[in-house]
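Now for the letters of each chain:
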Amino acid sequence: MQRPIYLDYAATTPVDPRVAEKITHCLTMDGNFGNPASTTHIYGAMALEAVEQARLEVADLINAQSEEIIWTSGATEANNLAIQGAAHFYQHKKNHIITVKTEHKAVLDVCYALAEQGFKVDYLSVQKNGLIDFDELKSLINNNTLLVSIMHVNNEIGIIQDIEKIGQLTKQHQALFHVDAAQSAGRVAIDVEKMQIDLLSLSAHKMYGPKGIGALYVRKKPRVRLQPLMYGGAHQQGLRPGTLATHQIVGMGIAARLAKTEMLQDMLRITQLRNQLWVLIKNLPGLHVNTDFTHAAGNYLNISFENIDGEVLLQALSEIAVSMGSACTSAQQTPSHVLKAMGISDQLAQSTLRITLGRFTSQADIDRAGAVIRTACCDIIRS
Ligand SMILES: Cc1ncc(COP(=O)(O)O)c(C=O)c1O
C-alpha cells in the first residue's frame, strides 16, 4: 500500500538518515554505548566526549556557549524547566509573568498552573496575522515582571514574532526572557546574544533528530538561576539529573549541525514549494489563508474552508498526511485556541488544514497534493 504524502513536518520530522546512522553507532557493544558519567574508563570517556561535542553543536546553532545547554526530554520539559524553574527561584523578588494566548500548551498549561499558585499571569492578545501587539506588551511589562515567555515560530500558523525587539524591552525592565523555539530552530536564524534571550527551548524531533530529546539554553552571563523540576544527582549542574541518553544527544547534535549548514538552502527550496502549492489551490471557492506569508516561516500553509466540514475534508484527503491543527490539540474537537485568538470564527477554525513542508518534500509531492486538495474540495462542494 502506498503511504500518503507526508505534509505534517510541524508535528514531527523523520530522522535524517545521516542522523540515524550516528545514533546507531551509540547503541551496541562495538559502538559508543558507555555511560557519560562513568569516566573511570574509556567507554564512559568516549560517551562523554560525544555528548560534549553534541552540546557544542547545539550551542553553535543558537550562538550560545556549550555550558549553557541543558539536555531535556524535549521542548515540553524545557518549557517547564524554564518557566517553573525561573518562577520558583525568583518568586520572593517578583511574581508577574507575561505570555501570549497563542502559545503552545507546554507553555500555557505551565502558566495556568503557576497562576493557581498565586503568580500574576497576563496573556497577550494577537493581531489578525498572529503577531503580538507590541504596545500591549509595553503597557503590561513592569519592574515586577519576572518572566516574559513568547514563542519564536507559532506551531499552527508559522508566524515569526519579532524576538529581538521583545528581547530589548525585557532587558529595560530586568525581566527574564524565555523563547519556545521548537518550531524555529533549523528554519529561522536564532542568536541568543543578539536577541537578548535568557532561556530558550529546543526539540530534536522538529529538526530531523530523534524524539525524546531536547534542550534548554540557560544564560550564564548574567547568570540565570532555576529551581530544578527533579532531584537525583549532580548531572547537568544539578538542573536536570538522570543518565544522559548518548544516542539521542548525539542525534540532536548532528541534527543541529546539519540544520546550521543546510538551513538557508533548505528553506529557500521549501518556501518555493509552499508558494507553488498555494498557487495551485488559491482559487478554490471559500478558501481563507491563515498564514501571513510575509511574516511566517516558509514551510507553513494554514488554510480554512467556508462551509466544508473539517472531518469530511480530512477524510477526502487520505492521500496526503496533514493535520487539522497542532498535533497536541488535534485529538480534541474544540476549535484551535490560536485561530480563535486571531479572531477566526469557530466554523472556519474547525475546517482548517495545517500543511507543513520539510526537507524531504519533493516537487512531485506538491504537484500531487495540489491536485488532491483541488479535487477533494470541488467534490465536497458539488455533493
Ligand atoms: C512550539 C512547540 N513547543 C513545544 C512543543 C513540544 O515539544 P516536544 O514534543 O519536544 O515536547 C511543540 C511540539 O509540538 C511545539 O510545536
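Residues numbered from 1 in each chain as written. Predicted model: local features only at pLDDT ≥ 70, side-chain atom pairs only at ≥ 80, totals over all residues. Heavy atoms only, no water.

1. Regarding a nonpolar patch on the surface
1) Next: On the surface, Met29, Phe33, Ile42, Tyr43 and Met46 cluster together to form a nonpolar patch covering roughly 510 Å² of accessible area.
2) Next: Taking the relative accessible area as the measure of exposure, Phe33 reaches 34% and is therefore partly exposed. (Patch = residues over 30% accessible without salt bridge, like charges linked within 9 Å, V, L, I, M, F, W, Y side chains within 5 Å. Areas by Shrake-Rupley, 256 points an atom, 1.4 Å probe, with all protein chains shown as cover. Salt bridge = Lys/Arg side-chain N within 4 Å of Asp/Glu carboxyl O. Buried < 20%, exposed > 50% of the residue type's maximum accessible area, 1.4 Å probe, protein only.)

2. Topic: the domain arrangement of the protein
1) Next: Assigned domains within the protein: domain 1 (5–12 + 263–382) and domain 2 (17–258).
2) Next: Counting from both sides, the interface comprises 29 residues of domain 1 and, opposite them, 32 residues of domain 2.
3) Next: The contact between domain 1 and domain 2 buries some 2600 Å² in all, and 56% of this surface belongs to carbon and sulfur atoms.
4) Next: On the domain 1 side of the contact with domain 2, Met263, Met342 and Arg359 bury the most area, a combined 23% of that side's loss. (Domains from an automatic or database assignment. Contact = heavy atoms within 4.5 Å. Buried area = accessible area lost by both parts, 1.4 Å probe.)

3. As for helix 7 (residues 246–281)
1) Next: For helix 7, spanning 36 residues, the distance from its first C-alpha to its last is only 45 Å, which falls clearly below the expected 52 Å at 1.5 Å a residue.
2) Next: Where helix 7 bends most, the angle comes to about 65°, and this point is Glu262. (Helix = DSSP H or I, 4+ residues; strand = E, 2+ residues; numbered from the N terminus. Expected span 1.5 Å × (residues − 1). Bend = angle between axes of the 7 residues up to and from the residue.)

4. Quick look at the sheet that holds strand 12 (residues 352–356)
1) Next: In spatial order, the strands read 9-10-12; together these three strands make up an open sheet with antiparallel pairing. The outermost strands of the open sheet, each flanked by one partner alone, are strand 9 (287–289) and strand 12. Across the sheet, the mean angle separating the axes of adjacent strands is 25° when strand polarity is ignored.
2) Next: Here strand 9 runs beside strand 10 (residues 300–305); their pairing, made up of three bridges, is antiparallel. Counted as the bridge partner of Leu287 is Phe305 from strand 10. (Pairing = 2+ DSSP bridges. Axes fitted to C-alpha atoms, helices over the stretch in contact; angles between N-to-C directions.)

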